[in-house]
Amino acid sequence: MDFSEVVLAEDDRQFQREVRAVLADLVTDEVIRRDRETGENFDEGVHLALGAAGYLARDWKPVAEGGFTALQRRIWELEIGRAHTPWFHWPTTAMVAHSVARFGSAELKDEVLPTTLRGEYRLCLGYTEPEGGSDVATCKTRAVRDGEGWIINGAKMFTSNAQNAHYVFLITNTDPDAAKHKSLTMFLVPLDAPGVEVQSIRTVDGDRTNITYYSDVRVADRYRVGEVNGGWAVLRDALNAEHGTVDRDGEGLQKLATMTEHILLMAEAVDHVAAKVAERDAGGTRRVDDASVSYRLGRGVARMEAALSSPGMYGRVAIAQTMRDVAPDLMDILGTAACLPVGTDGAADDGGAEYIFRLAAPTGVYGGTLEVFRNMIAQQALGLGKPSYASPERTTARR
Amino acid sequence: MDRYELRRQDYSLTDDHADLQSAYRQFLSTHCPIDTVRAAEAVGFDNGLWERLCAMGATTMALPEAAGGDGATLIDLTLVAEELGRALAPVPWIDHVCATRLLARLGPLDADGKAMVTGARLAALDTGPGRAGPRLIGSGAITDHVITRDGDEVVSLRFTTPPTRVDNIGRLPMAWVDPDCADSRTVLGSGADALAGYETALDEWRVLCAAALVGLVEAALTIAVEFAKSRYTLGVPISTLQAISHPLANIAITVQSGRNLARRAAWFLNNEPAERPELPSAAFVFMAEEAPRAATMTTHVQGGLGVSAEAAASAYLVRARGWALAGGDPAHAAVRIAHLVAQREGNA
């Protein structure tokens, strides 16, 4: 058990200084303002600059191939967060690139990987379908053999960053008659292929995502990732990484759970609220001396610190749930001016708590809803068994 | 504070930690089954269990070597507290070690103090808000000494005959203690340092109480999980119904979150006490709120069998409520958190 400050050797200290300086230079107020306006969580200039400087490749590669050490990666993640870098799509791109490296053909790897690691290509996810919800294995998007290639028809929801990406990691159904997990095939589909349409969707936290449509999209077989009807294995591997259910190191240098970035944003908001209620008004009164304020703030801090301590799939739920539970109290503490979003005249904490309240909703949805993770905890940690669902067939049979 | 500071987040236990944990778990599963817990309910204390526990070194470990103890860390103590909670052990170990550690901080131990190190004599800590007049003390009915605050003094109250136990939901050896009725009153220290030492004792109590509640909740969860897996409705185990499995998953999250928070709080209190002074209260506020809620759900999952007075579930339920409340309204700790964080951020 160890929560001490990491003592840095000179080269690591130098690395930390360098990354902090590079990001301070790149992530300007203008970048932040544009990010807020577009909700893209992506800035091409920043992304290309970090790619050109070799950081993306080092983040992606194992140490033996010149990648970050565990300590450098931790420094990197913290500095990215500190600068509020528009960032959430790089981990997605990196994850897809890992799947391509693992399951793709040599030809596909050559086409995609070097350019992606330079920042020039971005990759997005095509899992969820408009009617599919969180069960990515219920897939209606079809891929049908067409000579040497494939023809794809269907639609995908939440293909975030497709407008800035070059490929979509698309799960398709190639055998509608087979059992669910034996019917899937994965592709890396070029987004400039004829028949691909990207339609923008804005979410309540201000983010932009997309729905993408695929109409008679022709792709060569080299864009297939993994075996035909073997897409579940590819997906499983990628989902394990996304869900944060992979093994951790023993040095306390890894993120404790996925989406710790989000609860750190809430931690910043909480600290701002605490600073706010510590201010004296014209009459010399501090709001923290009002017990109705201090009780709610203290309880919120307690719940947040618990979520910040929560590991793996437990943390995944605790983070989103705690944001949802605590953000309303933070807003109440600030009063009516907490209604005002960032940049508005008189916004209580410059819209910090207001943003966390809106962010909390999608945080409990994307990357798998909280119910998916509660199922995982119930099955994997508690051994409660697979959920029983009243299927329409069974109901009919019983009648 | 800098939320992006480069600190390790290493919650792993060493082999020594794991050995300590399994030694106490085994000891308690042998010597403190639910029958022992039930048998002690009328008194709230099992003297035989206490003597065995002390013989194992449970009290001496908690004191620094300079005070004749074995110098365990607070992390070690959270591991023991968690096991005591898991077993619902009817012993006032948390109160006793926090009180004795406070005595050792305030000055050299006298003969009584030395007897406390080995557990031959019992000390209680007044964990209440420090108001005048009679107050309820969690282990007041069985202790020789009650350590409390009085103005800017930390005092030890001696009772030749301990006050009479009152029935209580935590099944504790709880008693009304009136400082004016003490047979003797010894000032252990006064002024800012003594009061700061007392506050540290309260922080230690909060962390260890939180850890005990984690163990308690995990045991209650295990019982409910086993029940749900073997109970059928309409041909399926109720554990496969999400109305059952998701609340149980939420309790597993509470256990993981509360356990790690208590350990992190203990680490900071032990190693860098000025750095995160709000964490002991945070662990306590979180578990004091979640434990009764979780124990209610684990009881509920077992339906009519859970609420029967004989059910283990109901034994966990009442203690989940009563143990935390022995420390007074958790809102006081929440308010303390707010003031500590506001002070830090207001000065930032």
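Residues numbered from 1 in each chain as written. Chains lettered and ligands numbered in written order. Predicted model: local features only at pLDDT ≥ 70, side-chain atom pairs only at ≥ 80, totals over all residues.

## Let's talk about the overall build of chain B
Per the secondary structure count, chain B includes 12 helices and eight strands. For chain B, whose C-alpha radius of gyration is 20 Å, the value lies close to the compact-globule estimate of 20 Å for 348 residues. If one aligns the C-alpha atoms of chain B with their principal axes, the spans along those axes are about 65 × 50 × 40 Å. (Helix = DSSP H or I, 4+ residues; strand = E, 2+ residues; numbered from the N terminus. Rg over C-alpha atoms; globule rule 2.2 N^0.38 Å.)

## Quick word on the nonpolar core
Residues and elements named next belong to chain B. One finds Leu-213, Val-217, Ala-220, Leu-248 and Ala-283 to be the most contacted residues of the largest nonpolar core, which totals 173 residues. With 23 residues, the top contributor of residues to this core is helix α7 (residues 192–230). When sequence neighbours within four positions are dropped, the list of residues in contact with Ala-283 reads Arg-206, Val-207, Ala-210, Gly-258, Leu-261, Ala-262 and Ala-265. (Core = buried A, V, L, I, M, F, W, Y, C linked by C-beta atoms within 7 Å. Buried ≥ 20, exposed ≤ 12 C-beta atoms within 10 Å, placed from the backbone. Contact = placed C-beta atoms within 7 Å.)

## Quick look at the domain arrangement of chain A
Residues and elements named next belong to chain A. Each assigned domain of chain A is listed here: domain 1 (10–87), domain 2 (123–243) and domain 3 (260–381). Inter-centroid distance (C-alpha atoms) of domain 1 to domain 2 is 28 Å. Of the residues lining the interface, seven residues belong to domain 1; the matching set on domain 2 comes to six residues. (Domains from an automatic or database assignment.)

## Describing the environment of Thr299(B)
All names here are of chain B. With respect to the element layout, Thr-299 can be found in helix α9 (residues 279–301). On the basis of neighbour count, Thr-299 is assigned to the buried category, with 25 C-beta atoms found within 10 Å. Expressed as a C-alpha distance, the spacing of Thr-299 and Tyr-316, which sit 17 residues apart in the sequence, is 8.6 Å. Contact partners of Thr-299, with chain neighbours within four places excluded, come to Gly-306, Val-307, Ala-313, Ser-314 and Leu-317.

## Some thoughts on the environment of Lys61(A)
Residues and elements named next belong to chain A. Relative to the elements of secondary structure, Lys-61 occurs in the loop between α4 (55–60) and α5 (70–82). According to the C-beta neighbour criterion, Lys-61 is partly exposed, with 15 such atoms within 10 Å. The spacing of Lys-61 and Ala-94 is 33 residues in sequence and 9.7 Å in space, taken between C-alpha atoms. For Lys-61, the contacting residues outside a window of four places in its chain are Gly-66 and Gly-67.

## Points about the packing of helix α1 (residues 15–31) of chain B against helix α4 (residues 74–87) of chain B
Residues and elements named next belong to chain B. It is at 9 Å that the axes of α1 and α4 come closest, and there the two elements cross at 25°. Viewed along their axes, α1 and α4 adopt a mutual orientation that is roughly parallel. Seen from above, α1 lies across α4 with right-handed handedness. Touching His-17, Leu-20, Gln-21, Tyr-24, Arg-25 and Leu-28 of α1 are Asp-76, Leu-79, Val-80, Glu-83 and Ala-87, all from α4. Its residues placed into classes, the contact of α1 with α4 shows six nonpolar, two polar and three charged. (Axes fitted to C-alpha atoms, helices over the stretch in contact; angles between N-to-C directions. Parallel < 35°, antiparallel > 145°, perpendicular 65-115°, else oblique. Left-handed = near helix turned anticlockwise from the far one by under 90°. Nonpolar A, V, L, I, M, F, W, Y, C, P; charged D, E, K, R; others polar.)

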